[in-house]
Amino acid sequence: MSERPVTVGLLGGGVIGGGWAARFLLNGVDVRLYDPDPDAPRRLDRMLSGARRAYRKLTILPLPPEGVLTFAPSPAEAAAGAEFVQESAPERVELKQELLAAASAAADPGVVFCSSTSGLRPSLLQARMAHPDRLAVGHPFNPVYLLPLVELCGGERTAPDTVSRAAAVYRAIGMHPLVVRNEIDGFLADRLLEALWREALWLVRDDVATVDEVDDAIRYGAGLRWAIMGTFLTYRMAGGEGGMEHFMEQFGPALALPWTKLAEVPELTPELVEKLARQSDAQAAGRSVPELERERDDCLVAVLQALRSRGAGAGETLATWERRLLATAPGADGAGPIDVAPTGPLRLFSREIPADWIDYNGHVTEARYLDLLGDATDALLRYLGVDAGYLEAGGSYYTVETHISHLGQLYAGDRVEAITQVLGWDDRRLHVYHVIVRQGDEEPVATGEHMLIHVDAAEGRASAVRDGVRSRVAAVADAHATLPRPVRAGRRIAL
Ligand SMILES: NC(=O)c1ccc[n+]([C@@H]2O[C@H](COP(=O)([O-])OP(=O)(O)OC[C@H]3O[C@@H](n4cnc5c(N)ncnc54)[C@H](O)[C@@H]3O)[C@@H](O)[C@H]2O)c1
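All of the points below concern the structure found in this document.

The rules behind the values
- Per-chain numbering applies: the sequence of each chain, read as written, is numbered from 1 onward.
- Residues qualify for local features only when their pLDDT is at least 70, as the model is predicted, and side-chain atom pairs are given and counted only at 80 or more; totals for whole chains, interfaces and linings, by contrast, use all residues.
- Here the side-chain values reflect all heavy atoms present in the structure, with hydrogen atoms and water set aside.
- A run of H or I in DSSP counts as a helix once it spans at least four residues, and a run of E counts as a strand once it spans at least two, with each numbered from the N terminus.
- An expected span of 1.5 Å times one less than the residue number is assigned to each helix.
- Here the term buried applies to any residue with accessible area under 20% of the maximum for its type, exposed to any over 50%, and partly exposed to those in between, with areas from a 1.4 Å probe on protein chains only.
- What the arc describes is the spread of directions from the helix axis to the C-beta atoms.
- Definition of nearness: a residue and a molecule or strand are near each other if at least one heavy atom of the residue lies within 4 Å of the molecule or strand.
- A 3.5 Å cut-off defines polar contacts: any pair of N or O atoms within that distance qualifies, except that in protein one atom must be a possible hydrogen donor and the other a possible acceptor, and neighbouring residues in sequence count only when both atoms are side-chain atoms.
- Under this grouping Gly is polar, as are all residues other than the nonpolar Ala, Val, Leu, Ile, Met, Phe, Trp, Tyr, Cys and Pro and the charged Asp, Glu, Lys and Arg.
- The pocket and cavity definitions rest on a 1 Å grid over protein atoms only: a 1.4 Å probe that fits but cannot leave marks a cavity, an open set with protein on both sides within 12 Å along at least five of seven lines marks a pocket, and residues lining either have an atom within 4 Å of a point.
- Grid points are joined across faces, edges and corners, and a volume is the space filled by probe spheres set on the points.
- Note: two strands are recorded as paired if DSSP finds a minimum of 2 bridges between them.
- Axis angles are defined between N-to-C directions and span 0 to 180 degrees, where every axis is a line fitted to C-alpha atoms and, for a helix, only to the segment in contact.
- Two residues form a contact once any of their heavy atoms are found within 4.5 Å.
- Think of a patch as exposed residues, more than 30% relative accessible area, with no salt bridge, where like charges cluster within 9 Å and nonpolar side chains (Val, Leu, Ile, Met, Phe, Trp, Tyr) cluster within 5 Å.
- For every accessible area listed, the method is Shrake-Rupley and the probe measures 1.4 Å; residues are considered covered only by the protein chains on display.
- Between Lys or Arg on one side and Asp or Glu on the other, a salt bridge is scored when a side-chain nitrogen of the former is within 4 Å of a carboxyl oxygen of the latter.

**Digging into helix H12 (residues 289-310)**
Phase 1: Over its 22 residues, H12 extends 32 Å from the first C-alpha to the last, a length consistent with the 32 Å expected when each residue adds 1.5 Å.
Phase 2: Inspection of H12 places Asp 297, Val 301, Leu 304 and Leu 307 among the buried residues, and these make up the whole buried set. The arc that holds every buried residue of H12, seen down its axis, measures 135 degrees, which confines them to one face. Seen from the buried face of H12, the exposed residues on the opposite side, beyond 90 degrees, are Ser 309 and Arg 310.

**Concerning the site of the ligand**
Phase 1: The ligand sits among 23 residues. The nearest are Ile 16, Asp 35, Glu 91, Lys 96 and Ser 118.
Phase 2: Contacts to the ligand include Glu 91, whose side-chain N or O atom sits 2.5 Å from an oxygen atom.
Phase 3: A distance of 2.7 Å separates an oxygen atom of the ligand from a polar atom in the side chain of Ser 118.
Phase 4: Looking at the shell around the ligand, the elements with two or more residues in it are helix H1 (15-26) and helix H4 (93-106).
Phase 5: With three residues, H4 is the largest single contributor of residues to the shell around the ligand.
Phase 6: Here the shell around the ligand is built from residues that sort into nine nonpolar, nine polar and five charged.

**Some thoughts on the layout of surface pockets**
Phase 1: By volume, the second largest pocket amounts to about 1,000 Å³.
Phase 2: When contributions to the lining of the second largest pocket are tallied by element, the ones reaching two or more residues are helix H2 (40-58), strand S9 (346-352) and helix H14 (367-383).
Phase 3: Among the elements that make up the lining of the second largest pocket, the one with the highest residue count is H14 (eight residues).
Phase 4: Residues that form the lining of the second largest pocket fall into these classes: 18 nonpolar, four polar and 14 charged.

**Observations concerning the pairing of strand S11 (residues 415-425)**
Phase 1: Of all 11 residues that make up S11, eight are buried, and the element is covered over most of its length.
Phase 2: Sheet topology note: the S9/S11 ladder contains five bridges and is antiparallel. Looking across to S11, one finds that Glu 352 is bridged to Arg 415.
Phase 3: Across nine bridges, S11 lies against strand S12 (residues 429-438) in antiparallel orientation. Residue Glu 417 lies in a different strand from S12, and its bridge partner there is Val 437.
Phase 4: Counting the residues between successive antiparallel strands, the hairpin from S11 to S12 contains three residues.

**Structural notes on the sheet that holds strand S3 (residues 69-71)**
Phase 1: Strand order across the open sheet formed by eight strands is S3-S2-S1-S4-S5-S6-S7-S8, with mixed pairing between neighbours. Looking at which strands have only one partner, the edges of the open sheet turn out to be S3 and strand S8 (176-179). Strand-to-strand twist of the sheet, defined as the mean angle between neighbouring strand axes without regard to direction, takes the value 25 degrees.
Phase 2: Sheet topology note: the strand S4 (residues 84-87)/strand S5 (residues 112-115) ladder contains four bridges and is parallel. Bridging from a neighbouring strand, Phe 84 pairs with Val 112 of S5.
Phase 3: Relative to strand S7 (residues 149-154), helix H6 (residues 160-172) is tilted by about 170 degrees, and along the sheet it contacts S4, S5, strand S6 (135-139), S7 and S8.

**Focus: a nonpolar patch on the surface**
Phase 1: Residues Leu 193, Leu 196 and Trp 226 make up a contiguous nonpolar surface patch of about 270 Å² in total accessible area.
Phase 2: We classify Leu 196 as partly exposed; its relative accessible area is 38%.

**Some details on empty space enclosed by the protein**
Phase 1: Applying the stated criterion across every chain yields a total of two cavities of 30 Å³ or more.
Phase 2: When its volume is computed, the largest cavity comes out at roughly 100 Å³.
Phase 3: Every residue lining the largest cavity is counted, 13 residues in all, and those nearest its centre are Arg 23, Leu 58, Leu 146, Gly 174 and Leu 318.
Phase 4: Counting residues per element, the lining of the largest cavity draws most heavily on helix H13 (residues 314-328), at four residues.
Phase 5: Broken down by class, the residue content of the lining of the largest cavity amounts to 10 nonpolar, two polar and one charged.
Phase 6: Taken as a whole, the second largest cavity encloses approximately 40 Å³ of empty space.

This is the structure we're talking about:
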């Protein structure tokens, strides 16, 4: 199996299994999912449209063609032929053991299985499996398609390479695997979160605060810092120039004060549960689950992008995933000399028009035409060998002039593609022409003519195109020199 599997089997398609399905599918992996609930396909569909919407905002890079989702009638059929299996069934040990036994008996012996369990030890889950050495816990966080953390924990019988192989799969789909070196209940994150959760429940039970006030106590303060610094780095900073030692000296003694309830758990009486539910409904203020999910996803995307701009925390995971997308995008794989020069214009880019590109006139707003043309230019550059390695070495092309002709209207759901022609080039310049058409229809919807300058990004100035890319540009330009010149090329705006 290469790092990114072709097909995975998923057992359970609820909040977490549905999130796994979305993450795998949007990363180009086919998914075979078993869930006995007849309503599962409807829930999956909703989860997937939310995830597609979030990914369109998350990255401007083209995603691989979406994987294919099929529903398997049994656990065995979900696992047979899959290269990796993720179990996300209800948190009941006997049910998980039975499911893993049935699926593992049908899978190839080398296939890695991971369980999404929030707290069950992998040694327990291995009990009835065929080849238990290939099971680990891969504990994700909701929404799985956006949050990168996955805690990886092996059991008594887990082979060391099971953990490393699972980690490679998770990295390939944009996640941050954190290996939990000791098998403990609750792993790392849920132990921390449970301590906070217990305290939160006590505060509400004792009428110290409402659920909304407890949430405010997190989201206006510590919650903002946690994404950047976690807990230990935060407290080091709180120690000022004296660092952690000063912090411990100043605040350490307070740990002995009876502020918290520590391991005590409030009794979950019907009154407490009713109070939590009532206050939680008031907090949601009539917003539906899909509305809250959209708000959560939009904010998470914005946070991840802000962190990426600083190279901090989960932002670095996003950047690594994008570098991977760039390296595997169409055109990036053949970055040697072009053996067979293209005999016609290139068709390197296509995409579906999303609903949020539509303006008050009911069709695609004009600025999005530049989005399409810019993405088509990126696809051409990758084809010419401007890949992650070339960019890292400082070489790149920047667009310096663009002329767009808007010739037709586009609507949500239209699939368009770009037909691309290189009109000319020299050491520093590349003259490009795209025609945007609906797929299956050659009638132009827009054309874009662009002049690009080759730059040395580190020096911030124009520079000559480098070896490797130069020969590819020359090969394409030579082949395109024999094509008819597009009628709109060289147009200027005038009455
Ligand atoms: N919800 C979270 O925030 C969260 C976070 C991390 C991990 N987890 C873990 O993920 C797992 C799933 O939790 P969830 O929140 O998605 O629960 P859920 O109730 O949303 O989903 C469980 C799904 O499993 C299906 N199912 C029931 N019996 C099954 C069977 N025999 N075989 C296959 N599928 C079956 C159900 O129809 C349902 O769709 C649990 O182990 C949980 O601890 C949950």
